[in-house]
Amino acid sequence: MSSLDGFKIDKLLSVVVIGLNEEQQLNDSLRSVIESEIADNYELEVIYVDSGSSDRSVEIAKDVSGVKVLHLNDADPSAAKARNLGISQARGKYIQLLDGDSILRPGWLTRAVRYLDHNPEVSCVFGHCVEMYPEKSLYMRLCGLDWHVKPGEYRLCGGNAMWRRCVFEEVGFFDGALRLGEEPDLCYRVRHSGGHIHCIDTDMVKHDLAMNSFGQYWRRAENSGKAYVRVALRYWRKNEKLWLYESVRNFVEPMLWIAIFLLGTLFMSPWIGCTALLVWWFIRGIRTAIKTRSRTASWGHAFLYGLHSQFIRLPIVVGQLKSLVSSR
C-alpha cells in the first residue's frame, strides 16, 4: 500500500486525474476541472497521473496551467496504482477521482463538497455518469444506460467519485493487485469499517465509452465478468459475499437458455427450440424495458436495452470462466 505523504488542508479539494493514452479527451477533462467553480472558499489542487502514455497525453497535461503531472513508473500499470500515486500526493480534505476520458459537469464539485460537509457519516459521494456520444453507436447508447442509478445509498461506486481523504488513512488504498474490481473491493472495506457511499441526484461526469464495434462491446463485458469473479472469490467466505450472487446468476441465465433450447428441440424440433429461446428473450427484454423505461426517451431503446441486458450475460460468463481458469 502507498502512504499519504502530503498534509491535509481543510479548505482544499484535490482532483486526481489518471490517464493512459487519453490525448483525445484529456485536454477537455483537465480544463473541465480547472474551470470548475467551488463554493464555500475551497481551493483546488489538480494532479494528473500518467501511466506511461505513448501519445501526447503528458505534453497536453503540462500545457494546462495549474496541473501537477506525476508519472507512474511501473512495468505493470493499472488504474488502481495510478490512483494510489495521486492520492498519496494529494493534500486536500476531499479527493475527487477522475478518469482521463471523463469530463466534469458544471456545479458537480460544489454539490459534492457541500454534501460531504453536511453529511459527516458519508465516506464517498458520486453522481450521474452520462455517455458523451450516445448517437455514435448503438453499443454506446445501450451501455451508457447502465450508469443511470437513482440517488441513495449504494454498496459500491465506480472510478469517478469524491472521497474523504481520511478514508484512505483509515482503510487503506485501492488494492494494486486488482486490475479489475478495485473499486468494489475498496467500497467493501469502507462499508465494513462503518462508512457509507451515496449517490446524489446531479450530473457528475460525461464519459466517452469509445465503443464502436462488437469486439469492443464483447471485451468490455468479458472484463466485467472477470471483475465479478475476482471480487466474489475474495469475499465468498465473509458474511457479506460481495458479488457471489451476481456471479452465480450470470452462470445460471445462459444455462437456462440452453435448457429452453434443448427442451424445445427434444420434444419438438430445433426450430421450436430456437423459437422458445427467442420468446424467452422477448419476455425478459420487455420486463427489463418496463423497469428501466425512465432511463431513455423511447420504448424502442428501452426494449433494446432489455435485450442487451440478456445477451450481455454470455460474454460476462466467458469472462468469469477465464478468470476462474487463470486463478487456479
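Undergrad: Give me the lowdown on the overall build of the protein chain, citing residues and values where you can.
TA: Within the protein chain, the regular secondary structure consists of 12 helices and nine strands. A compact globule built from 328 residues should have a C-alpha radius of gyration of about 20 Å, and the protein chain, at 21 Å, falls within 12% of that. Structurally, the protein chain occupies a C-alpha span of about 70 × 45 × 40 Å along its principal axes. Burial status across the protein chain gives 50% buried among its 328 residues.

Undergrad: Hey, could you go over the layout of surface pockets for me, with residue numbers and the actual values?
TA: Counted as a void, the second largest pocket has a volume near 200 Å³. As for the second largest pocket, its lining consists of His148, Val149, Lys150, Tyr154, Lys291, Thr292, Ser294 and Arg295. Tallied by class, the residues present in the lining of the second largest pocket amount to two nonpolar, three polar and three charged.

Undergrad: Can you explain the environment of Ala61? Please cite residues and give values.
TA: When you line up the elements, Ala61 lands in helix α2 (residues 57–63). Residues Ala61 and Val49, spaced 12 residues apart in sequence, show a C-alpha to C-alpha distance of 9.4 Å.

Undergrad: Could you give an account of a nonpolar patch on the surface, with specific residues and numbers?
TA: A grouping of Met255, Ile258, Leu262, Leu263, Leu266, Phe267, Met268, Trp271 and Ile272 is seen on the molecular surface, where their side chains present a nonpolar patch of about 1100 Å² in accessible area. For the nonpolar patch, the elements supplying multiple residues, two or more each, are α9 (244–267) and α10 (270–291). Sort the elements by how many residues they give to the nonpolar patch and α9 lands first, with six residues. Structurally, Ile258 is set in helix α9.

Undergrad: I'd love a proper account of helix α1 (residues 26–34), names of residues and values included.
TA: Buried within α1 we find Leu26, Ser29, Leu30, Ser32 and Val33. Looking straight down α1, one finds that the buried residues subtend no more than 155 degrees of arc, so they occupy a single side. As for α1, its buried residues are in contact with β1 (9–19), β2 (43–50), α2, β3 (67–71), β4 (92–99) and β5 (102–104).

Undergrad: Describe the pairing of β1, with residues and values.
TA: Two faces, one strand: in a regular strand the side chains alternate between the faces of the sheet. The buried fraction of β1 amounts to eight of the 11 residues, a majority that puts the element mostly inside the structure. Bridge analysis of β1 against β4 gives seven bridges, and the strand direction is parallel. Bridge pairing links Ile9 to Gly92 in β4. Across eight bridges, β1 lies against β2 in parallel orientation. The partner of Val15 across the bridge, within β2, is Val46. Each parallel crossover has a hand, and for β1 linked through α1 to β2 it is right-handed.

Undergrad: Mind laying out the packing of α9 against α10, listing which residues take part and the relevant values?
TA: Running from N to C, α9 and α10 point in directions that differ by 140 degrees, and their axes come no closer than 6 Å. Judged by the angle between their axes, α9 and α10 are oblique. In this structure, the crossing between α9 and α10 has a hand that is right-handed. Contact residues: Glu253, Leu256, Trp257, Ile260, Phe261, Gly264 and Thr265 in α9; Pro270, Ile272, Gly273, Cys274, Ala276, Leu277, Trp280, Trp281 and Arg284 in α10. A class-by-class count of the residues in the contact of α9 with α10 yields 11 nonpolar, three polar and two charged.

Undergrad: Which residues make up the pairing of β4, and what values do they have?
TA: Burial analysis of β4 places seven of its eight residues in the buried class, the great majority of the element. With four bridges joining them, β4 and strand β8 (residues 161–164) adopt antiparallel strand pairing. The partner of Tyr94 across the bridge, within β8, is Arg164.

Undergrad: Describe the nonpolar core, listing the residues and the values that go with them.
TA: Ranked by size, the top nonpolar core spans 75 residues in total, and within it Leu13, Leu30, Trp108, Met162 and Trp163 carry the most contacts. Leu30 has contacts with Val17, Val46, Tyr48, Ala61, Val64 and Val67, leaving out every residue within four places of it along the chain.

Undergrad: Residue-level account of the pattern of salt bridges, with values.
TA: All told, the structure shown has 18 salt bridges when counted by the stated rule. Arg56 is the salt-bridge partner of Glu59, the closest N and O atoms lying 3.4 Å from each other. In this structure Glu59 comes out as partly exposed when scored by relative accessible area, which is 43%. Take Arg56: its relative accessible area is 41%, and that puts it in the partly exposed class.

Criteria and cut-off values
Residues numbered from 1 in each chain as written. Predicted model: local features only at pLDDT ≥ 70, side-chain atom pairs only at ≥ 80, totals over all residues. Heavy atoms only, no water. Helix = DSSP H or I, 4+ residues; strand = E, 2+ residues; numbered from the N terminus. Rg over C-alpha atoms; globule rule 2.2 N^0.38 Å. Buried < 20%, exposed > 50% of the residue type's maximum accessible area, 1.4 Å probe, protein only. 1 Å grid on protein atoms, 1.4 Å probe; cavity = no way out; pocket = protein on both sides within 12 Å on 5 of 7 lines; lining within 4 Å. Points joined across faces, edges and corners; volume = space filled by probe spheres on them. Nonpolar A, V, L, I, M, F, W, Y, C, P; charged D, E, K, R; others polar. Patch = residues over 30% accessible without salt bridge, like charges linked within 9 Å, V, L, I, M, F, W, Y side chains within 5 Å. Areas by Shrake-Rupley, 256 points an atom, 1.4 Å probe, with all protein chains shown as cover. Salt bridge = Lys/Arg side-chain N within 4 Å of Asp/Glu carboxyl O. Arc of directions from axis to C-beta. Contact = heavy atoms within 4.5 Å. Pairing = 2+ DSSP bridges. Right-handed = clockwise from strand over helix to strand, strands pointing away. Axes fitted to C-alpha atoms, helices over the stretch in contact; angles between N-to-C directions. Parallel < 35°, antiparallel > 145°, perpendicular 65-115°, else oblique. Left-handed = near helix turned anticlockwise from the far one by under 90°. Core = buried A, V, L, I, M, F, W, Y, C linked by side-chain atoms within 4.5 Å.

This is a description of form; function is not addressed.
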